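The primary structure of each chain is shown beneath.
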Amino acid sequence: MDNILAFGAASSQAGRVDALFVMIAVIGGFFFFLTQGLLIYFAVKYRRRQPDRDNETPAITGSPLLEFLWILIPSIVVVVIFYYGWRVYTDQRIPVAGATEVHVNARQWLYEVKYPDGRTAINEIRVPAGKSVKFILSASDVLHGFYLPDFRVKMDMIPGRVTTLWVQPDRPGSYQIFCTVYCGTGHSNMLARLIVMPQGEYGEWVEHAGREGGEGAEREPLAARGERILKSAGCLNCHAVDGKEKIGPNLRGLYGSKVPLEGGTIVTGDEEYLRESIVDPGAKVVKGYPNVMPTFKASIPPEDVKAVVEYLKTLK
Ligand code: HEC
Ligand SMILES: [Cu+2]
């Protein structure tokens, strides 16, 4: 992709988004020409003629049938647009199970990339083709954006919150990533690449990258680091991950489950819920448990909270 202004559809997802927009444009175009055409036609047909004294406007009363139709037909059209858009949207929002995961953190003015096995990179994300990828997004300073035009997907990166986005890269290639939120003077330089590699090549690259950074402590897998932090932070005084329940809920099997809260709502145990449970435990209190968990906002830095969440996700 040499010309960054031309973005072909890089996934079947993107094709569906394009089809949706084409459909809306065609429907909009049809009604535009229909109404404007009638406007011009009537303007000409009923123009004022000489002598004008005989051209008295007839008294027109309403037509219930006509009114019924011009409410019904556009209503059906917008409901069809809504339904189609909603299908494409939910399809985009709900990640498929078993996706490769990549953590991306934005800061002024770059993207920090972290793979679950501890590999890191700046402004470059490598993924295998033909496998869905889930991006776990965060920001350290201000709002940033994560926009993949070739895939027709975009998500905000928000300080103090985790958001997710997934794509199914079908075709190997190098794709542009833009920050779409004005984030300061370096905003326009905030560019990154998604490099989709053929499966075999990707495997080789992972092995090679593994050997290169092999000695450093940096290479500790996120989940392993999370387990270490969880054990040293005293979580296990109140939480069991195996065996008998303690003061708080057992943390095994929490990820992806439905959690009943005090007050009757039910939430999904996703990344954002797990993160919030650690830094702001009072925000959502699990039904049947006392609101006694202290906040770890000050004692566990955001990077480490992410690692703890990764560990919790392995407790299946
Ligand atoms: C003083 C006891 C205590 C400590 C220490 C504690 N928790 Fe909790 N935790 C609780 C209680 C009680 C709840 C349930 C009430 C609530 O939601 O706040 C809970 C809820 C949670 C939940 C949501 C559980 C669910 O089923 O939805 C998570 C996740 C969690 N804690 C993680 C941690 C982690 C990670 C640590 C250590 C960094 C920790 N907790 C330390 C008592 C504790
Ligand atoms: Cu930015």
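Here the structure is shown first, and the text comes after it.
Everything in this summary refers to the structure shown in the same document. Remember, predicted model here, so these are calculated numbers, not experimental data.

Analysis parameters
- Residues numbered from 1 in each chain as written.
- Chains lettered and ligands numbered in written order.
- Predicted model: local features only at pLDDT ≥ 70, side-chain atom pairs only at ≥ 80, totals over all residues.
- Heavy atoms only, no water.
- Donors = N, O, S within 2.8 Å, 3.2 Å for Na, K, Ca; no water.
- Tetrahedral: all angles 85-135°; square planar, octahedral: opposite > 155°, others 65-115°.
- Helix = DSSP H or I, 4+ residues; strand = E, 2+ residues; numbered from the N terminus.
- Buried < 20%, exposed > 50% of the residue type's maximum accessible area, 1.4 Å probe, protein only.
- Core = buried A, V, L, I, M, F, W, Y, C linked by side-chain atoms within 4.5 Å.
- Contact = heavy atoms within 4.5 Å.
- Salt bridge = Lys/Arg side-chain N within 4 Å of Asp/Glu carboxyl O.

### Topic: the coordination of the iron atom of ligand 1
Each pair of donors in an ideal four-coordinate tetrahedral metal site encloses 109.5 degrees, whereas pairs in an ideal six-coordinate octahedral site enclose 90 or 180 degrees. Looking at the metal site, the iron atom of ligand 1 is ligated by His239 (NE2) and Met293 (SD), spaced 1.9 to 2.1 Å from it. Each of the 6 donor atoms around the iron atom of ligand 1 contributes to a set of angles spanning 88 to 178°, which defines the coordination as octahedral. Pair noted here: His239 is in the loop between helix H4 (222–232) and strand S11 (258–260) and Met293 is in the loop between helix H5 (271–279) and helix H6 (302–314), with a separation of 54 residues, a long-range link. Residue Met293 is classed as partly exposed on the basis of its relative accessible area, which comes to 29%.

### Considering the nonpolar core
Ranked by internal contacts, the top residues of the largest apolar core, which has 30 residues, are Tyr111, Ile125, Phe135, Phe146 and Leu194. Of all the elements, strand S5 (residues 133–139) adds the most residues to this core, at 4 residues. Sequence-distant contacts of Ile125, that is, excluding residues within four places in its chain, are made with Val102, Val104, Val113, Tyr115, Phe135, Phe146, Ile177, Arg193, Leu194 and Ile195.

### Let's talk about the pattern of salt bridges
Inspection of every chain in the model, using the stated rule, returns 17 salt bridges. Its salt-bridge partner being Glu303, residue Lys114 comes within 3.3 Å of it at the nearest N-O pair. Residue Lys114 is located in strand S2 (residues 110–114), and its partner Glu303 is located in helix H6; the two are separated by 189 residues in the primary sequence. For Glu303, a relative accessible area of 30% gives the class partly exposed. Its salt-bridge partner being Lys231, residue Glu227 comes within 2.8 Å of it at the nearest N-O pair. Of the two residues, Glu227 and Lys231 both sit in helix H4, 4 residues apart, roughly one turn of that helix. By relative accessible area, Glu227 is classed as partly exposed at 28%. Among the charged side chains, a network of salt bridges with common partners joins Glu101, Lys134, Glu271, Glu310 and Lys313.

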